[in-house]
Amino acid sequence: MFKKILIANRGEIALRVIRTCKELGISTVAVYSVADKNSAHVIFADEAVCIGPASGKESYLNIPRIIAAAEVTGADAIHPGYGFLAENANFSQICEDMKIKFIGPSPDMIRKMGDKAFAKTTMKNCGVPVVPGSDGAVESVEIAKKIANEIGYPVILKASAGGGGKGMRIVWKEDEVENAFHTASNEAKTGFDNAELYLEKFIESPRHVEIQLMGDQFGNVYSYGDRDCSIQRRHQKLIEESPSPIISEEVRKQMSDAAILGAKSVNYEGAGTIEFLVDKDQKFYFIEMNTRIQVEHPISEMVNNVDLIKQQIYVAAGEKVQDLPTKLNGHSFEFRINAEDPDFNFRPSPGRIEYLHFPGGFGVRVDSHIYTDYIIPPYYDSLIAKLIVWGVDREHAIKRAKRAFDEFTIEGIKTTIPFHQRILNNKYFLTGNYDTNSIEKLLEN
Ligand code: MV4
């Protein structure tokens, strides 16, 4: 087992990893930017190294500085968290070269699954259902038109190097293909330095349902069930729940089996997520694989009663998965609390926390790095806390969430708490009757 883990991240996820390391008796090294010198992840780690100025590029994204911090502290592994370098194949490669264990997949795996067109072809070839569309990249406007005419409009053009909603264009009819193709490929070239596109049938008002996986070095891959992440705004998830309220037990089993099949076919190791779109008839289609632990992992932890970061550390150390998935027990929600003003188009609201009170009690969990007098810096993601609730069923989990929000107090900045409280009284939310386009409907009374 590792003796010392460096956490190459900040905020709530850095603290989340530190907590599990402590329980495992593993020492921790925090890295931080000048802007984060008073952050809780710095306070709770055994050691901390300042790696640069506020800018992400010069700190949490700066590979030489992070490797140097691991070298001087003698860390034998690095946990990347999510975002920043978590899906950077180059970083995974450099860790390998430096004989520091990267707690995540191999550079080759990150590269393969990061190429969304290639990942899709790989999944299709092993029998995982995928959205009908091009076989790999579309080389030209003419080929795009030809495929679109075969499968029928609307279609969607996506960047092979994209993911998470960047570099996509919906095309409703043939005379829009040319324009969409050029804008999407230019955007992809600028954003990802790779102009390659692929095309698929546009599924209207889908649900986004994903499967949490954990693979070990012995070829085992386990499914920790599904998460419904359909409540999003501009591709930012706001609320996630497990299990999905619209998936039948039969479809849930089929999705889990398909995800395991896909991950086994590439010898997947570590924590991973397979994302599916689910249409009105509960037909599901693979869209992407994420090769990291995700923000919303706690809801899967709650319904399986398993610490997923702990499993990640065990499998990275070459051991078996310690705690296997269970039959999903009860229901869990995650509400993302962002330092944003929901009344002003979710504009960022950094600043000092003047007063703070976290909710507690049975079935309530808050993952957060903030505290009274902490100043939220303006340079990073606006996620400041996650409220995670568990209940015996969906109805009880909703009641508990309402109760928890009644206690939750953050003063000094604007947050998404009032927005969540509104959604918790919305009829579409209460009946589970929402999809990825529902955000406006979810704010009706
Ligand atoms: C789609 C789609 C409809 N049809 N693909 C957006 C994020 C990226 N991971 C995939 N996305 C979508 N892909 C096909 N073939 C609709 C979306 C989509 C979406 C997906 C999940 C959650 C929210 C979304 C919001 C808009 C579009």
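Residues numbered from 1 in each chain as written. Predicted model: local features only at pLDDT ≥ 70, side-chain atom pairs only at ≥ 80, totals over all residues. Heavy atoms only, no water.

(A) Geometry of the overall build of the protein. The number of helices and strands found in the protein is 14 helices and 22 strands. For the protein, whose C-alpha radius of gyration is 21 Å, the value lies close to the compact-globule estimate of 22 Å for 445 residues. Taking the principal axes of the C-alpha coordinates as reference, the protein spans close to 60 × 55 × 40 Å. Expressed as a percentage of the 445 residues in the protein, the buried residues total 57%. The long-range share in the protein, meaning contacts at least 24 apart out of those at least 6 apart in sequence, stands at 65%. Looking at the protein as shown, the accessible area adds up to about 18,500 Å², and 49% of this sits on carbon and sulfur atoms. Charge centroids of the protein, computed over 52 positive and 61 negative side chains, lie 2 Å from each other. (Helix = DSSP H or I, 4+ residues; strand = E, 2+ residues; numbered from the N terminus. Rg over C-alpha atoms; globule rule 2.2 N^0.38 Å. Buried < 20%, exposed > 50% of the residue type's maximum accessible area, 1.4 Å probe, protein only. Contact = heavy atoms within 4.5 Å. Areas by Shrake-Rupley, 256 points an atom, 1.4 Å probe, with all protein chains shown as cover. Lys, Arg positive; Asp, Glu negative; His and termini not counted. Charge placed at Lys NZ, Arg CZ, Asp CG, Glu CD.)

(B) Fine view of the environment of glycine 52. On the secondary structure map, glycine 52 appears in strand 3 (residues 47-52). Residue classification places glycine 52 among the buried residues on the basis of a relative accessible area of 11%. A C-alpha to C-alpha distance of 40 Å links glycine 52 and leucine 324, two positions 272 residues apart in sequence.

(C) Structural view of the domain arrangement of the protein. Its domain assignment divides the protein into domain 1 (4-103), domain 2 (132-201) and domain 3 (207-442). Of note, the centres of domain 1 and domain 2, computed from C-alpha atoms alone, are 37 Å apart. (Domains from an automatic or database assignment.)

(D) Geometry of the sheet that holds strand 19 (residues 364-368). Sheet architecture is open: eight strands sit in the order 13-12-9-10-11-14-21-19, paired in antiparallel fashion. The outermost strands of the open sheet, each flanked by one partner alone, are strand 13 (284-290) and strand 19. Averaged over all neighbouring strand pairs, the angle between strand axes comes to 25°, with direction disregarded. Seen against the sheet, helix 6 (residues 116-125) touches strand 12 (270-278) and strand 13 and runs at an angle of roughly 130° to strand 13. (Pairing = 2+ DSSP bridges. Axes fitted to C-alpha atoms, helices over the stretch in contact; angles between N-to-C directions.)

(E) Focus on the layout of surface pockets. The space that makes up the second largest pocket amounts to roughly 370 Å³. Lining of the second largest pocket is provided by 17 residues; of these, Glu249, Arg252, Thr326, Lys327 and Leu328 occupy positions nearest its centre. The set of elements that each furnish at least two residues to the lining of the second largest pocket consists of strand 10 (221-233) and helix 9 (249-265). In terms of residue class, the lining of the second largest pocket is made up of five nonpolar, seven polar and five charged. (1 Å grid on protein atoms, 1.4 Å probe; cavity = no way out; pocket = protein on both sides within 12 Å on 5 of 7 lines; lining within 4 Å. Points joined across faces, edges and corners; volume = space filled by probe spheres on them. Nonpolar A, V, L, I, M, F, W, Y, C, P; charged D, E, K, R; others polar.)

(F) Expanded view of the packing of aromatic side chains. Inspection of every chain in the model, using the stated rule, returns 15 aromatic pairs. A ring pair is formed by phenylalanine 91 and phenylalanine 102, whose centres lie 5.8 Å apart and whose planes are at 90°; its orientation type is edge-to-face. With phenylalanine 91 in helix 4 (residues 89-97) and phenylalanine 102 in strand 5 (residues 101-102), the pair connects residues that are 11 residues apart, well separated along the chain. Each member of the pair, phenylalanine 91 as well as phenylalanine 102, carries the same accessibility label: buried. Plain terms: the ring middles of tyrosine 379 and tyrosine 380 are 6.0 Å apart, the flat faces sit at 70° to each other, and that makes the pair edge-to-face. Within the aromatic cluster, the residues linked to one another by ring pairs are Phe333, Phe335, Phe358, Phe405, Phe408, Phe429 and Tyr434. In this arrangement the basic side chain of lysine 320 is found over the ring face of phenylalanine 218, its NZ or CZ atom lying 5.8 Å from the centre. Above the ring of phenylalanine 344, the side-chain terminus of arginine 347 is found at 4.2 Å from the ring centroid. (Phe/Tyr/Trp six-rings, centres within 6.5 Å; stacked < 30°, edge-to-face > 60°. Lys NZ or Arg CZ within 6 Å of the ring centre and 35° of its normal.)

(G) Structural context of the pairing of strand 8 (residues 197-201). With respect to burial, strand 8 is a largely interior element, four of its five residues being buried. Inspection of the sheet shows strand 6 (residues 155-163) paired to strand 8 by five bridges, in the antiparallel sense. Bridge pairing in strand 8 links leucine 157 to leucine 199.

(H) Geometry of the site of the ligand. Lining the immediate environment of the ligand, one finds 18 residues, of which Lys158, Glu200, Lys201, Ile203 and Glu288 sit closest. The separation between a nitrogen atom of the ligand and a polar side-chain atom of glutamate 200 is 3.1 Å. With respect to the ligand, the side chain of glutamate 288 contributes an N or O atom lying 3.1 Å from a nitrogen atom. When the ligand sits alone it has 520 Å² of accessible area, and the protein chains cover 91% of it. Secondary structure elements with two or more residues in the shell around the ligand: strand 6, strand 8, strand 12 and strand 13. (Near = heavy atom within 4 Å. Polar contact = N/O pair within 3.5 Å; in protein donor to acceptor, adjacent residues only side chain to side chain.)

(I) Layout of helix 1 (residues 11-24). Between its first and last C-alpha, helix 1 extends 21 Å over 14 residues, near the 20 Å set by a 1.5 Å rise per residue. Counting buried positions over the 14 residues of helix 1 gives 10, a clear majority of the element. Of all the positions in helix 1, only Gly11, Glu12, Ile13, Ala14, Leu15, Arg16, Val17, Ile18, Thr20 and Cys21 are classed as buried. At the C-terminal side of helix 1, glycine 25 shows a positive phi close to 75°. (Expected span 1.5 Å × (residues − 1).)

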